[in-house]
Amino acid sequence: DVKVTQSSRYLVKRTGEKVFLECVQDMDHENMFWYRQDPGLGLRLIYFSYDVKMKEKGDIPEGYSVSREKKERFSLILESASTNQTSMYLCASSPQATGNEQFFGPGTRLTVL
Amino acid sequence: AQRVTQPEKLLSVFKGAPVELKCNYSYSGSPELFWYVQYSRQRLQLLLRHISRESIKGFTADLNKGETSFHLKKPFAQEEDSAMYYCAPNNAGNMLTFGGGTRLMVKP
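Residues numbered from 1 in each chain as written. Chains lettered and ligands numbered in written order. Predicted model: local features only at pLDDT ≥ 70, side-chain atom pairs only at ≥ 80, totals over all residues. Heavy atoms only, no water.

1. Looking at the overall build of chain B
Okay, step 1: Along chain B, the regular secondary structure elements total zero helices and 10 strands.
Okay, step 2: Beginning at the N terminus, the succession of helices and strands in chain B can be written as β-β-β-β-β-β-β-β-β-β.
Okay, step 3: Its C-alpha atoms give chain B a radius of gyration of 13 Å, near enough to 13 Å, the size a compact globule of 108 residues would have.
Okay, step 4: Dimensions of chain B, computed from the C-alpha atoms along their principal axes, are close to 40 × 30 × 25 Å.
Okay, step 5: Buried residues in chain B amount to 50% of all 108 residues. (Helix = DSSP H or I, 4+ residues; strand = E, 2+ residues; numbered from the N terminus. Rg over C-alpha atoms; globule rule 2.2 N^0.38 Å. Buried < 20%, exposed > 50% of the residue type's maximum accessible area, 1.4 Å probe, protein only.)

2. Some remarks on unusual backbone geometry
Okay, step 1: The residue lysine 53 of chain A is not glycine, and still its phi comes out positive at about 65 degrees.
Okay, step 2: Among the secondary structure elements, lysine 53 of chain A is positioned in the loop between β5 (42-51) and β6 (54-57).
Okay, step 3: The phi angle at arginine 41 of chain B is positive, at roughly 65 degrees, despite the residue not being glycine.
Okay, step 4: Along the chain, the position of arginine 41 of chain B falls in the loop between β5 (32-38) and β6 (45-49).

3. What about the sheet that holds strand β10 (residues 102-107) of chain B?
Residue and element names in this part refer to chain B.
Okay, step 1: If you walk across this open sheet you meet the five strands as β2-β10-β9-β5-β6, and the pairing is mixed. The open sheet has two edge strands with one neighbour each: β2 (10-14) and β6. Ignoring which end each strand starts from, the neighbouring axes of this sheet average 30 degrees apart.
Okay, step 2: Strand direction decides the pairing type here: β5 and β6, joined by four bridges, are antiparallel. The residue bridging tyrosine 36 from the neighbouring strand is leucine 46, located in β6. (Pairing = 2+ DSSP bridges. Axes fitted to C-alpha atoms, helices over the stretch in contact; angles between N-to-C directions.)

Interpretation in functional terms is not warranted from these geometric data alone.
Structural data, given as C-alpha cells:
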C-alpha cells in the first residue's frame, strides 16, 4: 500500500511565523505535489516536484516555497505566514508516467492567527 | 485557460435514487479525466478514470468530447456514497486540475 504521511494533522501559527509542512512517501514515487483545499474552490496546486531538487510552480505559488532534498520527502514552506493561508494542505505523490493516480496524505489543517 | 466546472456544490438525494454529478471542462487537446472521492475523515482517493472504462462502487463516468463533459453517474445511490467528489482532468504532464467539488448527501 502506498503510504503518504504528513508531519502534523493540525497546526496553529501566528502571522509572520515561518511554517514548515513535511510530507513523506514510501513508494519511491518521482512526483510529489502540494495542494491547498478550500471549500468551493476544490484543490489548487501550489507546487509540484518531478525529481529531487526539481520543482515547478503550480497555480498559486505566491507566499510559498518548497524543498525536495530527498526523493521521499517534499516540504512546503510558508516564509511569513498570513491569515489568508489558513487552509487544509494536502500532499500527494505519483509515479513518473503521465496520467498516473495520485496518492494523497491525510492533510494538515493550518490555522494562522 | 484550462478550467473545470462542477456546477453543484451540494447534491442531496434519497437512498435508491439515481445520482448524477456533473463535470464540464475546458481544455485543449484530449485530457485524461479522473474522479476523486473523499469520504468523511478519510483521505482523498481515486474513484475512477475514464480511460479504464470500468465501474467502481456502481459508479460510471462517460466522456462526452462534444459537450466536454465527464459526468459521474450511479443508478441507485447508497448512504455510504455520501462524500465529497472532485472531477480532475490531467493536463500536460502529471498535473491534475481539480474542480470545486460536489458534496453528495444520500438520505435514508
